[in-house]
Amino acid sequence: MSWDWVPARPGEEDGSDGGPSPALRRTATVLAVLLTGVLVVYYLTIGVRQGEDRCVAERPDGVASSQVDSRWRWWPPGTECVYPTGTEVARA
């Protein structure tokens, strides 16, 4: 569809669309993608490990740190703590 029939808005008389340059838009997009990648890597390396450490720190009395297990939970995202209690396994 052609928009040639629409009159130019103020500032668009020279043929530009009035927005930022294509190079600026490309740079902003690349920076946003890189920042998102860095945040994902940080969460996977630091955030998940903190969940495992939390499981060990909050273990019930009488449970050794070697008996604590942590598993990734998709929904809601996070770490699920698993503690042995006698012959059963308690999930927190």
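The structure we're discussing is the one just above.
In this text the structure is predicted, and so the values were computed from the model without any measurement.

### Remarks on the overall build of the chain
Consideration 1: Across its full length, the chain holds one helix and three strands.
Consideration 2: Out of the 92 residues in the chain, the part that is buried amounts to 13%.
Consideration 3: Partitioning the intrachain contacts of the chain with sequence separation of at least 6 by distance along the chain shows that 24% fall at a separation of at least 24.
Consideration 4: When the accessible surface of the chain is split by element, carbon and sulfur atoms take 62% of a total near 7,600 Å².

### Regarding the packing of aromatic side chains
Two descriptors summarise a pair of aromatic rings, namely the distance from one centre to the other and the angle between the planes of the rings.
Consideration 1: Going through the model one piece at a time under the given rule, you end up with two aromatic pairs.
Consideration 2: Between Tyr-43 and Trp-72, the ring centres sit 6.3 Å apart and the planes meet at 75 degrees, which makes this aromatic pair edge-to-face. One end of the pair, Tyr-43, is in helix H1 (residues 22–57); the other, Trp-72, is in strand E1 (residues 69–73), and 29 residues separate them in sequence.
Consideration 3: The class of Tyr-43 is partly exposed, set by a relative accessible area of 38%.
Consideration 4: When its relative accessible area of 33% is taken as the criterion, Trp-72 is described as partly exposed.
Consideration 5: Aromatic pair Trp-72 and Trp-74: ring centres 5.7 Å apart, planes at 85 degrees, arrangement edge-to-face.
Consideration 6: When its relative accessible area of 69% is taken as the criterion, Trp-74 is described as exposed.
Consideration 7: One aromatic cluster in this structure is built from Tyr-43, Trp-72 and Trp-74.

### A look at a nonpolar patch on the surface
Consideration 1: Taken together, the side chains of Val-40, Tyr-43, Leu-44, Trp-72, Trp-74 and Trp-75 make up a nonpolar region of the molecular surface, amounting to roughly 780 Å² of accessible area.
Consideration 2: When residues of the nonpolar patch are assigned to their parent elements, the largest contribution, three residues, is made by H1.
Consideration 3: Here Leu-44 shows up in helix H1.
Consideration 4: By relative accessible area, which is 52% here, Leu-44 ends up exposed.

What counts, and where the lines are drawn
- Residues numbered from 1 in each chain as written.
- Predicted model: local features only at pLDDT ≥ 70, side-chain atom pairs only at ≥ 80, totals over all residues.
- Heavy atoms only, no water.
- Helix = DSSP H or I, 4+ residues; strand = E, 2+ residues; numbered from the N terminus.
- Buried < 20%, exposed > 50% of the residue type's maximum accessible area, 1.4 Å probe, protein only.
- Contact = heavy atoms within 4.5 Å.
- Areas by Shrake-Rupley, 256 points an atom, 1.4 Å probe, with all protein chains shown as cover.
- Phe/Tyr/Trp six-rings, centres within 6.5 Å; stacked < 30°, edge-to-face > 60°.
- Patch = residues over 30% accessible without salt bridge, like charges linked within 9 Å, V, L, I, M, F, W, Y side chains within 5 Å.
- Salt bridge = Lys/Arg side-chain N within 4 Å of Asp/Glu carboxyl O.

Scope: geometric values only; no functional claims are made or implied.
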